[in-house]
Amino acid sequence: MSTTWKNGNRDTFAAFMCDDAALDVLRPVAVDMGWQPEKCAKGGLRNAVQSLSITASPAILMVDLSESGDPLNDINALAEVCEPGTVVIAVGQVNDVRLYRDLIASGIQDYLLKPLSPGQVRDALVQAQAIFAAPKSHDAAAAKRHISTAIVGTRGGVGATTLATSIAWLFSADHKLPTALLDLDVHFGTGALTLDLEPGRGLTDAIDNPSRIDGLFIERAMIRANDNLAILSAEAPISAPLMTDGSAFVQLEEEFRHAFEMTVIDLPRNMLINFPHLLADVNVVVVATELTLAGARDAIRVLSWLKTNAAHAQTVVVANKVHAGVGEISKADFEASIERKINITVPYDIKAAANAAKLGQTFVAANRGTKAGAAIRELGDAIVGLQDEKGDVEKAAGKAGGGSLLGKIDFKKMLGSRAKTPA
């Protein structure tokens, strides 16, 4: 983050190299590109941090990691003093693909291996210049391409997180769409655990310091699950209450719209009460429920709330963990209680759930061939269909299940409905 007392006039380029050999290669290339050779200074990454803490960072910054004992930690320190939008190229002598991936994930543009060659340096600088000069357009057409989906469980344990992690994985792995997964169960969320990841401190840092949330913060704070999927979650101490007005969550959603094509929000139902504005820009709300008396009662209440507070969002009802035999309430009685059709039915499959947990994978990733996995895949495909301007997730889900449900849904009596007991 930049500080208020920095000079606002940014240089186009600056470099901090540890050795004369690297400077001898870099300076002629910089001159050829129209930059002053004095902008190539001697000193590594820590010198760059010290220098940029009192001056504005350049548009393109090249830093040498050769003398850094902890490159990733030092890169994070550099991010704190860089202006938003600075394109960073790192140089080092460690030939390690894991380090390269970690550095790219932390937000740098490229990592060049020593000894440097003029052609290699020139190509990296030309690419960085093109990235910085590219127009940062956030027009209406681009905004339409983003789909935000919230998953809300009517009761604890109905499998909302299973659905959220599964469809986020589908968006990223099957459809190759850049996807953000936001787990808003700050104390007991299991989104990262489901993906076999450590949650990190990104979400708690965002809650504590909403003013820090920007594109650079998103790049550093989110944990990568695969090339197209990043997750933001927390395991806050249960002795620390959630002290926020919700502005951090809204700001995160805004940044996700710029950085990703899909957002999946695992939204605990109590968040609807405390922060109703979280659904202001959500496109799809998936209501996950079990076919129980309590599930029917709370499905009616949640659907009523959504009709009043999020009428702009398309609502999809998913019956999860549905037993093949006799259940507490039949599907027909449940639909009569909530006065609308269930869009997707996911069969109960304890073996598949145990297999996913054992493999450290999402349910749908670990169980491609099961009926439950196919049902969740149907849900994901229906939501992706919304990228078409005329797409309708309920229609897509109904068509995949054997006929459109759109004309059969009636909300008229929902507000006054009460759950019925099974015959």
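Residues numbered from 1 in each chain as written. Predicted model: local features only at pLDDT ≥ 70, side-chain atom pairs only at ≥ 80, totals over all residues. Heavy atoms only, no water.

Student: Can you tell me about the nonpolar core, naming the residues and giving the values?
Tutor: The nonpolar side chains of a soluble globular protein tend to be buried, and buried together. Residues Leu203, Leu252, Phe256, Leu267 and Leu279 are the most contacted members of the largest nonpolar core, which totals 50 residues. Ranked by residues supplied to this core, first place goes to helix α13 (residues 293–309) with 7 residues. Excluding residues within four positions of it along the chain, phenylalanine 256 makes contact with His146, Ala180, Leu182, Ile218, Met222, Leu232 and Thr263. By size, the runner-up hydrophobic cluster in this structure holds 38 residues, among which are Ile151, Leu195, Val284 and Val384. (Core = buried A, V, L, I, M, F, W, Y, C linked by side-chain atoms within 4.5 Å. Buried < 20%, exposed > 50% of the residue type's maximum accessible area, 1.4 Å probe, protein only. Helix = DSSP H or I, 4+ residues; strand = E, 2+ residues; numbered from the N terminus. Contact = heavy atoms within 4.5 Å.)

Student: Please provide a residue-by-residue account of unusual backbone geometry, values included.
Tutor: In this chain, lysine 114 is followed by proline 115 through a cis amide linkage whose omega measures 0°. Mapped onto the secondary structure, proline 115 falls in the loop between β5 (110–113) and α5 (118–133). The phi torsion at aspartate 196 lies on the positive side, around 60°, for a residue other than glycine. Look at glutamate 339: it is not a glycine, yet its phi comes out positive at around 55°. Counting through the fold element by element, glutamate 339 comes out in the loop between α14 (331–338) and β13 (344–347). The partly exposed category is assigned to glutamate 339, whose relative accessible area is 25%.

Student: Before we move on, could you go through the packing of aromatic side chains and cite the residues and values that matter?
Tutor: Overall, the coordinates contain 3 aromatic pairs when judged by the stated rule. Taking the centre distance of 4.6 Å and the plane angle of 15° together, the rings of phenylalanine 13 and tryptophan 35 count as stacked. Within this pair, whereas phenylalanine 13 is found in strand β1 (residues 13–17), its partner tryptophan 35 is found in the loop between α1 (20–32) and β2 (40–42), the two being separated by 22 residues in sequence. A relative accessible area of 2% places phenylalanine 13 in the buried class. According to the relative accessible area criterion, tryptophan 35 is buried, its value standing at 10%. Summarising the aromatic geometry, the rings of phenylalanine 256 and phenylalanine 260 are spaced 5.8 Å apart at their centres and angled 80° between planes, so their arrangement reads as edge-to-face. Phenylalanine 256 sits in the buried class, given a relative accessible area of 0%. (Phe/Tyr/Trp six-rings, centres within 6.5 Å; stacked < 30°, edge-to-face > 60°.)

Student: Kindly report on the layout of surface pockets, identifying the contributing residues and their values.
Tutor: Of the pockets and cavities examined, the second largest pocket occupies roughly 810 Å³. What lines the second largest pocket is a set of 41 residues, and nearest its centre among them are Gly159, Ala160, Thr161, Thr162 and Lys321. Listing elements by their share of the lining of the second largest pocket, those giving two or more residues are β6 (147–153), α7 (160–174), α8 (191–194), α12 (269–274), β12 (314–322), β13, α15 (350–359) and α17 (371–384). Of all the elements, α7 adds the most residues to the lining of the second largest pocket, at 5 residues. (1 Å grid on protein atoms, 1.4 Å probe; cavity = no way out; pocket = protein on both sides within 12 Å on 5 of 7 lines; lining within 4 Å. Points joined across faces, edges and corners; volume = space filled by probe spheres on them.)

Student: Please give an account of the pairing of strand β8 (residues 223–226) that cites residues and values.
Tutor: Pairing geometry for β8 and strand β9 (residues 229–232), over 3 bridges, is antiparallel. From the neighbouring strand, isoleucine 223 faces β9, where its bridge partner is isoleucine 231. Connecting the antiparallel pair β8 and β9 is a turn made up of 2 residues. (Pairing = 2+ DSSP bridges.)

Student: Give a detailed account of the packing of helix α3 (residues 71–81) against helix α4 (residues 97–106), specifying residues and quantitative values.
Tutor: Between α3 and α4, the shortest axis-to-axis distance is 10 Å and the interhelical angle comes to 15°. Judged on the interaxial angle alone, α4 and α3 are roughly parallel. The element α3 and its partner α4 pack so that their crossing is right-handed. Between α3 and α4, the residues in contact are Pro71, Leu72 and Ile75 and Leu99, Asp102, Leu103 and Ser106, respectively. Here the residues of the contact of α3 with α4 are counted per class, giving 5 nonpolar, 1 polar and 1 charged. (Axes fitted to C-alpha atoms, helices over the stretch in contact; angles between N-to-C directions. Parallel < 35°, antiparallel > 145°, perpendicular 65-115°, else oblique. Left-handed = near helix turned anticlockwise from the far one by under 90°. Nonpolar A, V, L, I, M, F, W, Y, C, P; charged D, E, K, R; others polar.)

Student: So what's going on with the pattern of salt bridges? Residues and values would help.
Tutor: Using the criterion set out here, one finds 16 salt bridges in the structure. Across the pair arginine 257 and glutamate 254 runs a salt bridge whose closest N-O atoms are separated by 2.5 Å. On the criterion of helical spacing, the pair formed by arginine 257 and glutamate 254 is a turn pair, its members being 3 residues apart in helix α11 (residues 247–259). When its relative accessible area of 24% is taken as the criterion, arginine 257 is described as partly exposed. With a closest N to O distance of 3.2 Å, aspartate 298 and arginine 269 form a salt bridge. Here the residue aspartate 298 occupies a position in helix α13, and arginine 269 occupies one in helix α12, the gap between them amounting to 29 residues. Judged by relative accessible area, arginine 269 falls into the partly exposed class, the value being 35%. Several salt bridges share partner residues, and in doing so they unite Arg155, Arg269, Arg297, Asp298 and Arg301 into one network. (Salt bridge = Lys/Arg side-chain N within 4 Å of Asp/Glu carboxyl O.)

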